[in-house]
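Structure at a glance
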Amino acid sequence: MAVVKADGYGHGAVMVAREALGAGATSLGVATVDEGVALRSNGIAGTILVLGPIEPSEIDTAIIADLELAVADMEFLGTLRRRVAALGQQLHVHVKVDTGMRRFGSVVRDAIGLCREIEGESGLRLAGVFTHFADADGLDDSFTASQAARFEEVVEQLRAERIGPGLVHASNSAAALRWRQYDYDMVRIGIAMYGLQPAPGMQLPVGIRPAMEIRSRLARVSDLEPGETVSYGRTYEAREPERIGLVPIGYADGYRRELSNRGQMGLAGIAAPVRGRVCMDQTIVGIPNGVEAAAGDEVVAVGRGGDGAPTVADLAADLGTIGYEVVTGIARRVPRIYIKNGRVVAIQDLHAVRELDL
Ligand SMILES: *Cc1c(COP(=O)(O)O)cnc(C)c1O
């Protein structure tokens, strides 16, 4: 399963979904009904599982959009059963088992009961049973092992009762990178598919690199006199004559305000420090000595290494967060430009996804 929730971890769910299905993924994972519906309305036809809890009022929409749903309690299952009957449709469901994450899912004991109920219901089909690991990227493997043991108990019980569990799945990226024995029938890959490590120090397979970089262009280049200050609150003051460049990216694009006077961008392969406060739509950088910069020159705000800009992992470390939050925080208004084999093949902007020459 290719996990494309949160607009494909900020990369644009439609194009990621299309590419993942083309590359052999058998299903897509989203967090909400709305995310699934958005994929359908953009022509994505594959299997889509909504991984998280949904509102009863969203059930009809999910059924009509042919989404698969996760079930974790009897009450929700009862509502599902009624809606499926009312609409005269079939619905594929996956029972979510909480084996220790204590987030979404039914306890082990109730999971079996849910599966039995689903098995006896003509409008519902048990398409899978799954759980989610709480500490797959941790140093201690024992908690993951205990979760897997609990999960396997459920699966064995189902098989003993001759209830076909459908697809058995548990691993996220971190677990799939570390263990084969928890692959079962399917793994749910999110962060690693985007070329990012689940946690610092976790190695990705050779050849996997970040898909996203964030580039802009200098909108203006100007000169500061000693004593002049930059941006809101005048938090940066030039000590000597300095050239600065204006980059039309700000915190509303997901370029975080904590990077004020702290971050850097890549300019001609060299680190250009952020000067003053990051604004909503614009940021000012100091142009390093020796760099000939002019309006229109390319600036790398988030790079992939070796370009003078921080990588997603660098930014995450600097901001005290994880790469997941960096990429999912990039605003929708930043156009996503898709490059395949060196050619731009599609653009997603605020209006639509447009594929070129395909
Ligand atoms: C987000 C999510 C995943 C993917 O996790 P990654 O760490 O990004 O690979 C898998 N399973 C569930 C239930 C999720 O919510």
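From a predicted model like this one, the values you see are computed outputs, not experimental measurements.

**Re the overall build of the protein**
- Counting its secondary structure elements, the protein contains ten helices and 19 strands.
- The principal-axis extents of the C-alpha atoms in the protein amount to approximately 80 × 45 × 40 Å.
- Expressed as a percentage of the 358 residues in the protein, the buried residues total 49%.
- Put simply, of all contacts in the protein between residues at least 6 apart along the chain, 59% involve residues at least 24 apart.

**Overview of the site of the ligand**
- Taken together, Val 3, Lys 5, Tyr 9, Leu 51, Arg 103, His 132, Asn 172, Ser 173, Arg 188, Gly 190, Ile 191 and Tyr 324 form the complete shell of residues around the ligand.
- Measuring from an oxygen atom of the ligand, one finds a backbone N or O atom of Gly 190 at 2.9 Å.
- One nitrogen or oxygen atom from the side chain of Tyr 324 is found 2.6 Å from an oxygen atom belonging to the ligand.
- Expressed as a share of its isolated accessible area of 390 Å², the protein-covered part of the ligand is 93%.

**As for the confidence of the model for the protein**
- Mean pLDDT for the protein: 97, with 99% of residues reaching 70 or above.
- Looking over the protein, one finds the lowest element-wise mean pLDDT in strand 19 (residues 353-355), namely 92, and the highest in strand 1 (residues 2-3), namely 99.

**Observations regarding the sheet that holds strand 3 (residues 47-50)**
- One open sheet accounts for seven strands, arranged 1-2-3-4-5-6-7; its pairing is parallel. Two strands in the sheet have a free side with no partner beyond their single neighbour: strand 1 and strand 7 (167-169).
- Two elements, strand 1 and strand 2 (residues 27-30), share two bridges in a ladder whose sense is parallel. Within strand 2, the residue paired with Val 3 across the bridge is Gly 29.

**Points about a nonpolar patch on the surface**
- Residues Ile 337, Ile 339 and Val 344 make up a contiguous nonpolar surface patch of roughly 270 Å² in combined accessible area.
- Position of Val 344 among the secondary structure elements: in strand 18 (residues 343-348).

**Here's the deal with unusual backbone geometry**
- A positive phi angle, near 50°, is found at Ala 268, a position not held by glycine.
- Looking at where Ala 268 falls in the secondary structure, it is placed in the loop between strand 13 (264-267) and strand 14 (270-275).
- Owing to a relative accessible area of 65%, Ala 268 belongs among the exposed residues under this scheme.
- Even without glycine at this site, Asn 341 takes up a positive phi of about 50°.
- Judged by relative accessible area, which is 76%, Asn 341 ranks as exposed.

**Description of the packing of aromatic side chains**
- Using the criterion set out here, one finds six aromatic pairs in the structure.
- A centroid spacing of 5.5 Å and a plane angle of 55° characterise the contact between Phe 133 and Tyr 182, whose relative ring orientation is tilted. Residue Phe 133 is found in the loop between strand 6 (124-130) and helix 7 (142-160), and its partner Tyr 182 is found in the loop between helix 8 (173-178) and strand 8 (214-217); the two are separated by 49 residues along the sequence. A single burial state applies to Phe 133 and to Tyr 182, both of which are buried.
- Using a relative accessible area of 8% as the deciding quantity, one classes Tyr 182 as buried.
- Members of the aromatic cluster, joined through ring pairs, are Phe 133, Phe 151, Trp 179, Tyr 182 and Tyr 184.

**Description of the side chain of Ser 173**
- For Ser 173, the position within the fold is in helix 8.
- On the basis of relative accessible area, Ser 173 is assigned to the buried category, the value being 2%.
- For Ser 173, the side chain forms a polar contact with the main-chain nitrogen of Gly 190, separated by 3.3 Å.
- Setting aside its immediate chain neighbours within four residues, Ser 173 contacts Arg 188, Ile 189, Gly 190, Ile 191, Ala 192 and Pro 198.

**Overview of the nonpolar core**
- With 95 residues, the main nonpolar core has Leu 39 and Leu 80 as its most contacted residues.
- Examining the composition of this core, we find that six residues originate from one element, helix 6 (residues 108-119), more than from any other.
- Aside from chain neighbours lying at most four places away, what touches Leu 80 is Ile 59, Leu 69, Val 71, Leu 91 and Val 93.
- Core analysis: the next-biggest nonpolar cluster, separate from the first, contains six residues, Leu 224, Val 230, Tyr 236 and Ala 238 among them.

**A closer look at the packing of helix 5 (residues 74-87) against helix 6**
- Running from N to C, helix 5 and helix 6 point in directions that differ by 10°, and their axes come no closer than 11 Å. Classified by the angle their axes make, helix 5 and helix 6 are roughly parallel. The segment helix 5 lies against helix 6, with Met 74, Leu 77 and Arg 81 engaging Gly 113, Leu 114, Glu 117 and Ile 118.
- When grouped by side-chain class, the residues that make up the contact of helix 5 with helix 6 number four nonpolar, one polar and two charged.

Calculation criteria
Residues numbered from 1 in each chain as written. Predicted model: local features only at pLDDT ≥ 70, side-chain atom pairs only at ≥ 80, totals over all residues. Heavy atoms only, no water. Helix = DSSP H or I, 4+ residues; strand = E, 2+ residues; numbered from the N terminus. Buried < 20%, exposed > 50% of the residue type's maximum accessible area, 1.4 Å probe, protein only. Contact = heavy atoms within 4.5 Å. Near = heavy atom within 4 Å. Polar contact = N/O pair within 3.5 Å; in protein donor to acceptor, adjacent residues only side chain to side chain. Areas by Shrake-Rupley, 256 points an atom, 1.4 Å probe, with all protein chains shown as cover. pLDDT = per-residue confidence, 0-100. Pairing = 2+ DSSP bridges. Patch = residues over 30% accessible without salt bridge, like charges linked within 9 Å, V, L, I, M, F, W, Y side chains within 5 Å. Salt bridge = Lys/Arg side-chain N within 4 Å of Asp/Glu carboxyl O. Phe/Tyr/Trp six-rings, centres within 6.5 Å; stacked < 30°, edge-to-face > 60°. Core = buried A, V, L, I, M, F, W, Y, C linked by side-chain atoms within 4.5 Å. Axes fitted to C-alpha atoms, helices over the stretch in contact; angles between N-to-C directions. Parallel < 35°, antiparallel > 145°, perpendicular 65-115°, else oblique. Nonpolar A, V, L, I, M, F, W, Y, C, P; charged D, E, K, R; others polar.

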